[in-house]
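# Working through the structure, step by step
Given next are the chains, with one letter for each unit.
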Amino acid sequence: MTTTTLNPPVGRSTLPFIDRRHPDRPLVVNFYRPARHQPNDPVIVVQHGMMRNGDDYRDFWVDAAEKHGLLIVAPTFPDAHFPKAEGYNNGLIVSADDAIAPREQWLYAVPERVLDALRAGGVIDRPVIRIFGHSAGGQFVHRMLATEGGELFAAAMASNPGWYTLPTLDRRFPEGLGGLDLDRGALTRWLAYPMMLFAGDRDIVTDDPNLPAQAEALAQGPHRYGRAHFMLDFARAEAARLGVPCNWQLVTVPGIGHDGAAMSRAAAAYWFEAGRIPPVEELGKQVEPVL
């Protein structure tokens, strides 16, 4: 049965979620709800990485949630039902036969439906909502903004994606937005949205087996940090060509590589401590980064 209402208890929880567009693909949502959180207090939607570990990504935000009164909402897409990059990062847009799926099947509207269920449960009313995604989640977030728009989110961070969908209609998805029946207006709105590319300057490994290595990805640079710069440069050039604004920015996190925990803590400080980027010692750099 489709999930229409969510009301997580105080503290950590994991609740099942059946999306109305994907009733045969159950997912879960990991929450952290501070005891003092009220319906108009801030909400952070967190998109996990390739490990499909929404529980870890929720936990990365717990300290900030308690400190700043944040509701953490981490939709989690199990690999069993949303396999490989096509089933998560790329939003189920391209089917196995390389056809473009009907728009109603795309995954990028799922976070909005999770938030609708929280609103139906009385958990949120009209809060300021932000979205953060790291690695595969960073791919998810920027493609969501491209295809769904950013009206729901006051701020959005794509943190350390492996590669990017470029803001152009001339290249087929996922390299660009071609084939999705989007028009220049949609592209202009994406460029105008204040999307943040949040990049660790030590995310420069080139032999990571999880680093996308197809020709289209390699054309963006040898590593994730370089690809973030390529994305911003491409967007600014495209906006100039079209004669429209580009409101994107790239924020560098010094000393951090491909580390979802550290990047989450940096994001929390940036958003809720007046744009502060903590030093690497405070971010608690992991010996074994969490993807």
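The preceding data block contains the structure.
Criteria and cut-off values
- Residues numbered from 1 in each chain as written.
- Predicted model: local features only at pLDDT ≥ 70, side-chain atom pairs only at ≥ 80, totals over all residues.
- Heavy atoms only, no water.
- 1 Å grid on protein atoms, 1.4 Å probe; cavity = no way out; pocket = protein on both sides within 12 Å on 5 of 7 lines; lining within 4 Å.
- Points joined across faces, edges and corners; volume = space filled by probe spheres on them.
- Helix = DSSP H or I, 4+ residues; strand = E, 2+ residues; numbered from the N terminus.
- Buried < 20%, exposed > 50% of the residue type's maximum accessible area, 1.4 Å probe, protein only.
- Pairing = 2+ DSSP bridges.
- Right-handed = clockwise from strand over helix to strand, strands pointing away.

Moving on to the layout of surface pockets. One number sums up the size of the largest pocket: a volume of about 310 Å³. Every residue lining the largest pocket is counted, 18 residues in all, and those nearest its centre are Ala 85, Asn 89, Gln 139, Asn 210 and Pro 212. Of all the secondary-structure elements, those providing two or more residues to the lining of the largest pocket are α3 (84-87) and α5 (136-148). The element contributing the most residues to the lining of the largest pocket is α3, with three residues.

A few words now on the pairing of strand β7 (residues 196-200). By the criterion of burial, β7 is predominantly enclosed, with five of the five residues buried. Of the two faces of β7, the one lined by Met 196, Phe 198 and Gly 200 and the one lined by Leu 197 and Ala 199 are each fully buried. As paired strands, strand β6 (residues 155-159) and β7 are joined by three bridges and run parallel to one another. Following the sheet pairing, Ser 159 is matched in β7 by Phe 198. Running through helix α6 (residues 184-192), the crossover from β6 to the neighbouring parallel element β7 is right-handed. Two elements, β7 and strand β8 (residues 249-253), share five bridges in a ladder whose sense is parallel. From the neighbouring strand, Gly 200 faces β8, where its bridge partner is Val 253.

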